[in-house]
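# Examination of the molecular architecture
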Amino acid sequence: MSSGHIKDLPLTTLSGTPTTLAHLSSGATLVVNVASQCGLTPQYGALERLAQTYGDRGLTVVGVPCNQFMGQEPGTAEEIQTFCSTTYGVTFPLLAKTDVNGADRHPLYAELTKATDADGAAGDIQWNFEKFLLAPDGTVVNRFRPRTEPDAPEVIAAIEAVLAG
């Protein structure tokens, strides 16, 4: 598989427009499966701050709503967009609601879940707000588990390293 392939997989935005990671992000990309009714939902605030802080240096945060974890993203596309923008001021791109595990796992997540975390573990997404940092060429350089805050020192260091690339 070519290194750019993951950024060329067909995706759909929350508003229904076809897109790709390559179209959404020419630089580093932080892909995060998100949910509106999760105990970790306040991470949206830190994700938006990352998007604002590092956006002009080439980082794009991409949120991927997913309803596979205890039904914590039940809303329609419109409800998700409204919640994210009014509650957390989210300006970064959100994709259509997506399966990240199981038989209907999106091809993007079939690739992402091959990446290992800091403990060397790959495989299924554990919960909402699992984070994947991609280099500009689409290589997955870091995988952070859900409880790792978006502004944790190790995430910031990884982003800085990729942007310095």
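Residues numbered from 1 in each chain as written. Predicted model: local features only at pLDDT ≥ 70, side-chain atom pairs only at ≥ 80, totals over all residues. Heavy atoms only, no water.

As a further point, take the UniProt feature "active site" (unreviewed entry) in the protein. If you check UniProt for "active site" (unreviewed entry), the listed places come out as Cys-38 in our numbering. Mapping Cys-38 onto the fold places it in the loop between strand S3 (28-34) and helix H3 (43-54). Discounting chain neighbours no more than four positions away, the residues touching Cys-38 are Gln-72, Trp-127 and Asn-128. (UniProt positions renumbered as here; feature names shortened; annotations may be inferred. Helix = DSSP H or I, 4+ residues; strand = E, 2+ residues; numbered from the N terminus. Contact = heavy atoms within 4.5 Å.)

Next up on the list: the sheet that holds strand S5 (residues 131-134). Strand order in the open sheet formed by four strands is S4-S3-S5-S6, with mixed pairing between adjacent strands. Both outer strands of the open sheet, strand S4 (59-65) and strand S6 (140-144), are each paired with one neighbouring strand and no more. Strand-to-strand twist of the sheet, defined as the mean angle between neighbouring strand axes without regard to direction, takes the value 20°. Pairing of S5 with S6 involves four bridges; the strand directions are antiparallel. Within S6, the position partnered with Leu-133 by the bridge is Asn-142. (Pairing = 2+ DSSP bridges. Axes fitted to C-alpha atoms, helices over the stretch in contact; angles between N-to-C directions.)

The next point concerns the packing of aromatic side chains. Under the definition given, this model contains six aromatic pairs. Relative to Phe-92, the ring of Tyr-44 lies with its centre 6.4 Å away and its plane at 25°, an arrangement referred to as stacked. Placement of the pair is Tyr-44 in helix H3 and Phe-92 in the loop between helix H4 (77-88) and helix H5 (107-112), with a sequence separation of 48 residues. Each member of the pair Tyr-44 and Phe-92 is classed as buried. Here the aromatic rings of Tyr-44 and Phe-129 are separated by 5.6 Å at their centres, their planes lie at 90°, and the arrangement is edge-to-face. Of this pair, Tyr-44 sits in helix H3 while Phe-129 sits in the loop between H5 and S5, placing them 85 residues apart in sequence. As far as burial versus exposure is concerned, Tyr-44 and Phe-129 are alike and both buried. (Phe/Tyr/Trp six-rings, centres within 6.5 Å; stacked < 30°, edge-to-face > 60°. Buried < 20%, exposed > 50% of the residue type's maximum accessible area, 1.4 Å probe, protein only.)

Once that is clear, we can look at the side chain of Asn-33. By the element assignment, Asn-33 lies in strand S3. For Asn-33, a relative accessible area of 0% gives the class buried. A distance of 3.0 Å separates the side chain of Asn-33 from the backbone oxygen of Trp-127, its partner in a polar contact. Within the structure, the side chain of Asn-33 is placed 3.1 Å from the backbone nitrogen of Glu-130, a separation counted as a polar contact. If we skip the residues at most four places from it in the chain, Asn-33 touches Val-64, Phe-69, Val-100, Tyr-109, Ile-125, Trp-127, Asn-128, Phe-129 and Glu-130. (Polar contact = N/O pair within 3.5 Å; in protein donor to acceptor, adjacent residues only side chain to side chain.)

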